[in-house]
Amino acid sequence: MAEQNTIQLDYSCVLNIPLQTYNEDFYFIVNGQEYKTNRLISVLLSPKISKIHLSDPIIDRIKINTKQKGDFQHVLNLIDFKSQNIQENEIPFILEVLDFLDIESIHLSKSLNSTKIIIDNVFTLIKQHEKYSKFLGDRLNTEIEFASTHFSELCETHNEEIKKLKVSTVFEILRRENLNLENED
């Protein structure tokens, strides 16, 4: 039996496409400000827009209203497939936009040293990062690990805050090998 040969196009060829040259305009209206790009870029950036175009191919704009403020141009700049530097104060805005647009094929590296985890802030940090765990999973994991290793003390001093966490987060804290309990009861 003869050996089969295979051929496959490499994903890197996408980098050679002059994405800005496609002519059909698409507009992101973010907190009242208009950002113009083209339809191809909008579909590449956002699975949500891709799904919308499947059901209604003439849609040429989407409105995004966020609680946080920031520069949407950072999101549009992702299309060059290069790392973008984001100021710490814009991360909540970026996360809100990524979540709204269902963008998951992105890697956000947030410095793990940006805020020191201590007994008095661990639950505040966990609550901030729970919502965007798909982007901040590493940071959330570090916070859960900290809560687990200090669980006995946290139960004494921050019992009400524990009750406000998602059940799945509490389960993650309790299932860690480094769980620190005063006693098994």
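This one's a predicted model, so the numbers in the text were calculated from it and none came from an experiment.

A. Examining the confidence of the model for the protein more closely. Put simply, the protein has an average pLDDT of 83, and 87% of its residues get 70 or more. Within the protein, the element-level pLDDT minimum falls on helix α6 (residues 133–149), averaging 84, and the maximum on strand β3 (residues 61–64), averaging 96.

B. Geometry of the pattern of salt bridges. Counted by the stated rule, this structure contains ten salt bridges. In this structure, R39 engages E24 in a salt bridge whose closest nitrogen and oxygen atoms are separated by 3.2 Å. Linking R39 in helix α1 (residues 39–45) with E24 in the segment before β1 (25–30), this pair joins segments that are 15 residues apart in sequence. Overall, E24 belongs to the exposed group, its relative accessible area being 53%. Notably, a salt bridge pairs R139 with E143, separated by 2.9 Å at the nearest N-O pair.

C. Structural context of unusual backbone geometry. Unlike most non-glycine residues, N31 shows phi in positive territory, near 50 degrees. Its place among the elements puts N31 in the loop between β1 and β2 (33–38). In this model, D102 sits at a positive phi of 60 degrees, which is unusual for a non-glycine residue. D102 gets classed as partly exposed once you look at its relative accessible area, which sits at 31%.

D. Up close: the side chain of E143. Tracing the sequence through the fold places E143 in helix α6. Of the polar contacts made by the side chain of E143, one reaches the side chain of H129; its length is 2.7 Å. Those residues in contact with E143 that lie beyond four places of it in its chain are I117, V122, L125, I126 and H129.

Parameters and conventions
Residues numbered from 1 in each chain as written. Predicted model: local features only at pLDDT ≥ 70, side-chain atom pairs only at ≥ 80, totals over all residues. Heavy atoms only, no water. pLDDT = per-residue confidence, 0-100. Helix = DSSP H or I, 4+ residues; strand = E, 2+ residues; numbered from the N terminus. Salt bridge = Lys/Arg side-chain N within 4 Å of Asp/Glu carboxyl O. Buried < 20%, exposed > 50% of the residue type's maximum accessible area, 1.4 Å probe, protein only. Polar contact = N/O pair within 3.5 Å; in protein donor to acceptor, adjacent residues only side chain to side chain. Contact = heavy atoms within 4.5 Å.

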